[in-house]
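For reference, the chains in residue letters:
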Amino acid sequence: MRKSVLDEMQLQMRNRIGNQAFMILFYLLLTDVGLNGFGVKWLQYPLNVFVIMVSTMFYYLIRILWAGAYIGPDSSIKKAARKTAATVITAAVAASVSIFAIWKNNTETQVPDRTSAMVLFIFSAVAIVVAVIVSIASMKQNRGKDQ
């Protein structure tokens, strides 16, 4: 079992923010279902849930970074750089595999599915933005620790 590197205050803050983000996710999905029942469709089915989930996770990430509850006090810059590189590489590989799968399934007579391309683009862009934000936050926190 992995030992957490966060202190007690960071763990409690992270849990509190996570609970709030879960409740926001729940109410946004419930609102979306209710609006869909009344005939209001702001996006097609898989994309609307995806946008709600990504925006809620982005809110969660920004809140825990702002509260200083993402990275423990003993994380190193080298570890953060490796994690950032791994995340960017994973996002690039996932995008490449998905593009290949879309091209393989679509022949010249079929019209490509634009929703799949949009979901792929949003997923890859969000993964890269999150990696950069986490990298910047960890370097900022480590700079404050060294002084």
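Residues numbered from 1 in each chain as written. Predicted model: local features only at pLDDT ≥ 70, side-chain atom pairs only at ≥ 80, totals over all residues. Heavy atoms only, no water.

Examining the overall build of the protein
- Scanning the protein for helices and strands turns up 4 helices and 0 strands.
- Counting helices and strands in the order they occur from the N terminus, the protein gives α-α-α-α.
- The 147 residues of the protein split such that 21% are buried.
- Across the protein, contacts joining residues at least 24 apart in sequence account for 81% of those joining residues at least 6 apart.
- Split by element, the accessible area of the protein, about 11,000 Å² in all, is 68% carbon and sulfur. (Helix = DSSP H or I, 4+ residues; strand = E, 2+ residues; numbered from the N terminus. Buried < 20%, exposed > 50% of the residue type's maximum accessible area, 1.4 Å probe, protein only. Contact = heavy atoms within 4.5 Å. Areas by Shrake-Rupley, 256 points an atom, 1.4 Å probe, with all protein chains shown as cover.)

Overview of the packing of helix H1 (residues 8-37) against helix H2 (residues 45-66)
- For the pair H1 and H2, interaxial distance at closest approach is 10 Å and the crossing angle is 160 degrees. Taken together, H1 and H2 sit at an angle that is classed as roughly antiparallel. For the pair H1 and H2, the sense of crossing is right-handed. Touching Arg14, Arg16, Ile17, Gly18, Gln20, Ala21, Ile24, Leu25, Leu28, Leu29 and Asp32 of H1 are Asn48, Val49, Ile52, Met53, Thr56, Tyr59, Tyr60, Arg63 and Ile64, all from H2.
- Of the residues assigned to the contact of H1 with H2, the class counts are 12 nonpolar, 4 polar and 4 charged. (Axes fitted to C-alpha atoms, helices over the stretch in contact; angles between N-to-C directions. Parallel < 35°, antiparallel > 145°, perpendicular 65-115°, else oblique. Left-handed = near helix turned anticlockwise from the far one by under 90°. Nonpolar A, V, L, I, M, F, W, Y, C, P; charged D, E, K, R; others polar.)

Comments concerning H2
- Here H2 contains 22 residues, and its C-alpha end-to-end distance of 32 Å stays within 8% of the 32 Å for a straight helix at 1.5 Å per residue.
- Taken as a whole, H2 has its buried residues at Leu47, Asn48, Phe50, Ile52, Thr56, Tyr60, Leu61, Ile64 and Leu65.
- Immediately beyond the C-terminal end of H2, within one or two residues, lies Gly68, with a positive phi of roughly 75 degrees. (Expected span 1.5 Å × (residues − 1).)

Remarks on the layout of surface pockets
- Empty space within the second largest pocket amounts to approximately 250 Å³.
- Around the second largest pocket sit Phe50, Met53, Val54, Met57, Phe58, Tyr60, Leu61, Tyr70, Phe123, Val126, Ala127 and Val130, which together line it.
- Where the lining of the second largest pocket is concerned, the elements lending two or more residues are H2 and helix H4 (114-146).
- Element by element, the count of residues in the lining of the second largest pocket is highest for H2, at 7 residues.
- Partitioned by chemical class, the residues of the lining of the second largest pocket number 12 nonpolar, no polar and no charged.
- Each of two domains, domain 1 (1-74) and domain 2 (75-147), supplies a minimum of three residues to the lining of the second largest pocket. (1 Å grid on protein atoms, 1.4 Å probe; cavity = no way out; pocket = protein on both sides within 12 Å on 5 of 7 lines; lining within 4 Å. Points joined across faces, edges and corners; volume = space filled by probe spheres on them. Domains from an automatic or database assignment.)

Thoughts on the side chain of Gln10
- Relative to the assigned elements, Gln10 resides in helix H1.
- Overall, the relative accessible area of 6% leaves Gln10 in the buried class.

Section: the confidence of the model for the protein
- With 73% of its residues at a pLDDT of 70 or more, the protein shows a mean pLDDT of 77.
- For the protein, H4 is the element with the lowest average pLDDT, namely 70, and H1 is the one with the highest, namely 93. (pLDDT = per-residue confidence, 0-100.)

What to know about the environment of Ile71
- Locating Ile71 in the fold gives a position in the loop between H2 and helix H3 (77-105).
- Sequence separation of Ile71 and Val134 is 63 residues, and the distance between their C-alpha atoms is 8.7 Å.

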